[in-house]
Amino acid sequence: LLRGVLGARAAELAERVGVAAGARIVVATALVRDGRVLAAQRTRPAALAGRWELPGGSVETGESEDAAVARELREELGADVVACGRLGTDLPIDAGLLRVHLARLRPGSAEPAALEHAAVRWVDAAGLATLDWVDADRAVLPDLCAVLGT
Ligand code: 9L3
Ligand code: MG
């Protein structure tokens, strides 16, 4: 009965409390400001170094995805952000599943800085196509383009 009531929520809840042997969830963040998104250039692993991503990382056991977004961007960019919803669908990656979240800077946040990346850059819709994105993130670019507008 419970399974029926919870439906698809069950997997998400199980994941959140760490009981499922499900795929590892990695959050990627589309941090948007004034029609631009923050792209970050990876330094590791060697296969991904130099390629651009939406910053983020693994969700910890018991941590919400929104909290993981805020923690990862504080660690990687020194920025204070608030997650504001999913963008696109789950994307399979070697490490598990990648989920893209939209986010905005909190008022008073420091400007995002490349603390763990080679560089960061604000790009508009037209600029998205000019970067060498990691494969996983490439799939969300059409949705991101629509959010940024022209
Ligand atoms: N990954 C792919 N696209 C992204 C992010 C944030 C992460 N936008 C992949 C790269 C790694 C794994 O997920 O294989 C974990 O990410 P991280 O902790 O190395 O950033
Ligand atoms: Mg990361």
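Structure first, text after, so check above.
Conventions adopted
Per chain, the residues get numbers from 1 upward, laid out in the order the sequence is written. Naming scheme: in the order in which they are written, chains are lettered from A and ligands are numbered from 1. Whole-chain, interface and lining totals are the exception, using all residues; otherwise, since this is a predicted model, local features are given only for residues with pLDDT of at least 70 and side-chain atom pairs are given and counted only at 80 or more. Computation of side-chain values covers all heavy atoms of the structure but excludes hydrogens and water. We call an atom a donor if it is N, O or S and sits within 2.8 Å of the metal, or 3.2 Å for Na, K and Ca. Water is not counted, so some sites may look partial. By the criteria applied, helices consist of DSSP H or I runs no shorter than four residues and strands consist of E runs no shorter than two, each listed in order from the N terminus. A simple rule labels every residue: compare its accessible area, found with a 1.4 Å probe on the protein chains alone, to the largest value its type can have, and call it buried under 20%, exposed over 50%, or partly exposed in between. Only protein atoms enter the calculation, which uses a 1 Å grid: trapped sets of points that fit a 1.4 Å probe without letting it out are cavities, open sets showing protein on both sides within 12 Å along at least five of seven lines are pockets, and any residue with an atom within 4 Å of a point is a lining residue. Grid points are joined across faces, edges and corners, and a volume is the space filled by probe spheres set on the points. Gly falls in the polar group here, along with every residue not listed as nonpolar (Ala, Val, Leu, Ile, Met, Phe, Trp, Tyr, Cys, Pro) or charged (Asp, Glu, Lys, Arg).

(A) The coordination of the magnesium ion (ligand 2), seen in detail. Around the magnesium ion (ligand 2), the protein contributes the donor atoms Gly56 (O) and Glu76 (OE), at 2.1 Å from the metal centre. Within this pair, whereas Gly56 is found in strand 4 (residues 56-58), its partner Glu76 is found in helix 3 (residues 65-77), the two being separated by 20 residues in sequence. Each of the two residues, Gly56 as well as Glu76, counts as buried.

(B) Geometry of the layout of surface pockets. Of the pockets and cavities examined, the largest pocket occupies roughly 670 Å³. Lining the largest pocket are 27 residues, with Val26, Arg42, Leu48, Glu53 and Ile93 positioned closest to its centre. Of all the secondary-structure elements, those providing two or more residues to the lining of the largest pocket are strand 1 (25-33), strand 4, helix 3 and helix 4 (135-138). Here the residues of the lining of the largest pocket sort into 10 nonpolar, five polar and 12 charged.

(C) Main features of the environment of Ala39. Along the chain, Ala39 falls in strand 2 (residues 36-41). Sequence spacing of Ala39 and Trp52 is 13 residues, and the spatial spacing of their C-alpha atoms is 6.2 Å.

(D) How the structure looks around the environment of Gly62. In this structure, Gly62 sits in the loop between strand 4 and helix 3. In the structure, Gly62 is positioned 49 residues away from Leu13 in sequence and 9.6 Å away in space, judged by C-alpha atoms.

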